[in-house]
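# Residue-level structure breakdown
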Amino acid sequence: QYSTGSEIRQKFLNFYAEKGHKILPSASLVPEDPTVLLTIAGMLPFKPIFLGQRQPEFPRATTSQKCIRTNDIENVGRTARHHTFFEMLGNFSFGDYFKQQAIAWGWEISTKVFELPPERLVVSVFEEDDEAFAIWRDEIGVSPQRIKRMGEADNFWKSGPTGPCGPCSEIYYDFHPERGEENIDLEDDTRFIEFYNLVFMQYNRDADGNLTPLQNKNIDTGMGLERMAQILQQVPNNYETDLIFPIIKTAAEIAQIDYHKSDDKTKVSLKVIGDHIRAVVHLIADGVTASNIGRGYIVRRLIRRVVRHGRLIGISGEFTTLVAETAMQLSEAVYPNVRQRESAIKGELQREETRFLETLERGEKLLAEIMEKAKGQISGQDAFVLYDTYGFPLELTQEIAEENGLTVDIKGFETAMEEQRRRSQDAHETIDLTVQGSLDQLAEHIHPTEFLGYTLLTSDAKVE
Ligand code: ATP
Ligand code: MG
Ligand code: MG
Ligand code: MG
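Quick notes on the rules
Note that residues are indexed from 1 along each chain, following the sequence as it is written. Each chain is given a letter, starting from A, and each ligand a number, starting from 1, according to the order in which they appear as written. Where local features are concerned, this predicted model is filtered to residues with pLDDT of at least 70; where side-chain atom pairs are given and counted, the filter is 80 or more; whole-chain, interface and lining totals use all residues. Side-chain measures here rest on the full set of heavy atoms in the structure, leaving out hydrogens and waters. When a carboxyl oxygen of Asp or Glu lies within 4 Å of a side-chain nitrogen of Lys or Arg, that pair is called a salt bridge. Helical segments are the DSSP runs of H or I of at least four residues, strand segments are the runs of E of at least two, and each set is numbered from the N terminus. Each residue gets one of three labels from its accessible area relative to the maximum for its type: buried under 20%, exposed over 50%, partly exposed in between, using a 1.4 Å probe on protein chains only. What qualifies as a polar contact is a pair of N or O atoms within 3.5 Å, subject to a donor-acceptor requirement within protein and to the restriction that residues adjacent in sequence count only when both atoms come from side chains. Note on contacts: a residue pair qualifies if any of its non-hydrogen atoms lie within 4.5 Å across the two residues. Each Phe, Tyr or Trp ring, with Trp reduced to its six-membered ring, pairs with another whose centre is within 6.5 Å; inter-plane angles below 30 degrees give stacked pairs, above 60 give edge-to-face pairs, and intermediate values give tilted ones. A positively charged side chain is recorded as over a ring if its NZ (Lys) or CZ (Arg) lies within 6 Å of the ring centre. The angle to the ring normal must also be within 35 degrees.

### Describing the pattern of salt bridges
The tally for this structure, following the rule as stated, stands at 24 salt bridges. Where Glu 131 meets Lys 99, a salt bridge forms, and the shortest distance between an N and an O atom there is 2.9 Å. Placement of Glu 131 in helix α4 (residues 130-140) and of Lys 99 in helix α3 (residues 99-113) is noted, with a sequence separation of 32 residues between them. The exposure class assigned to Glu 131 is partly exposed, which follows from its relative accessible area of 44%. Linked through salt bridges whose partners overlap, the residues forming this network are Glu 325, Glu 332, Arg 339, Glu 342 and Lys 346.

Below is the structure:
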């Protein structure tokens, strides 16, 4: 049954409010926890409660939490379901209800509130969690073929080597039940989409790796708002939902193209623009400004990618504030700080865009000179200078080189990059690279030059 993104958000919160949960507003994308770069999940604002460092004000809470996951940046536009910015709907129990109740409500909201047909749902459990398996089979009535046991990587949650942890259970939607129950492979994203994760925080792990049951067991869950919208709006990916598609339409109009008639490469660019501009709008609304380090660098990088993809689809002038305006219109009712911060958002976009366009222009000039002298191939050193001094992504150099019948010495480029990295390591011997946790955290502790290098090798290099 078709529901708008707003309706889905509201139905989720109302359902859990009726079940005694306190509705809390989304926390900022900038976490209170100074060791974490960005809010990556709905549980993050509650982490001190789960760790026993803070007493909860309510035994149950429900939120729609703004999240950023930069580790998914490569997936943006390429998978149907990943964003950098998304909203995670969650219900939380702080030492209150546990596994049985969480599963029962998870199923009820999926099948009764969102009216997903039970025969379209598949669930996963941690391979050793016989209890969860039995609840799904005996109490909910899911057929055993549609309950999949999965390993630790997917179905065991922990926030560090020691501390609270526990198994999780996820609910997937089946786009193609006609393919049969015999060969269910939850990794197959042409058939399945994970939309709801239920974490059962039931153990404490000590320094020797021993698990002991927690006194107060907790529930932490996350449902992707954009994914539920994709399912209910029956569109092929998250990007074509009412939460994001208007931004893509704006970008397509500026480029004078039609999304639905575009080739895959163009669609990816439009999706990247739609995704990243939402992230940038909310990051700046939450007080982050572009810089060369930490969160600021993430904002800068996202803006540059928006500009680059704009150029790839034929936009020559400045356009980021126009797509940002659409993104603001879509979110201002739920997130009033977006309109309150309008001038900061648009000002920052304008400054960054102008600056990057200048950089691109200078780089293009240098590249033209390099190409004139090059005999068949652009040297790795030249490509590196373009990258390092002009912020010219390698694949952009490659693309332009190709258009001119030249290749680029990739090996040489990597060697130059490696040398640069060694130099900067020598200069920063005291950098602590042992920081636990996500790449996000790592990024904050690394010298910006190094982070640029890392960035290029992992993701920008793959931008087409
Ligand atoms: P996936 O396996 O698809 O990458 P995940 O297992 O990493 O998802 P969780 O960490 O379990 O995701 O997060 C809980 C829920 O948040 C997911 O079930 C999904 O609905 C949503 N979600 C997670 N990552 C993203 C993302 N990058 N973009 C949009 N929604 C997401
Ligand atoms: Mg993931
Ligand atoms: Mg997963
Ligand atoms: Mg998951």
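### Details of the side chain of Thr 221
Tracing the backbone through its elements, the reader meets Thr 221 in strand β9 (residues 211-224). Given a relative accessible area of 2%, Thr 221 falls into the buried group. At a separation of 2.7 Å, a polar atom in the side chain of Thr 221 contacts the side chain of Asn 91. The residues contacting Thr 221, other than those within four sequence positions of it, are Leu 89, Gly 90, Asn 91, Phe 92, Tyr 196, Asn 197 and Leu 198.

### Here we look at the packing of aromatic side chains
A complete count under the given rule lists 16 aromatic pairs for this structure. Between the aromatic rings of Phe 15 and Tyr 16, the centroid separation amounts to 4.9 Å while the plane-to-plane angle is 90°, which identifies the pairing as edge-to-face. Grouping residues by exposure puts Phe 15 and Tyr 16 together as buried. Judged by centre distance (5.2 Å) and plane angle (80°), the ring pair of Tyr 173 and Phe 175 falls under edge-to-face. By relative accessible area, Phe 175 is classed as partly exposed at 25%. Aromatic ring contacts, followed pair by pair, group Phe 12, Phe 15, Tyr 16, Tyr 97, Trp 105 and Tyr 196 into a single cluster. Between Arg 149 and the ring centre of Phe 133, over which it is positioned, the NZ or CZ distance is 4.5 Å.

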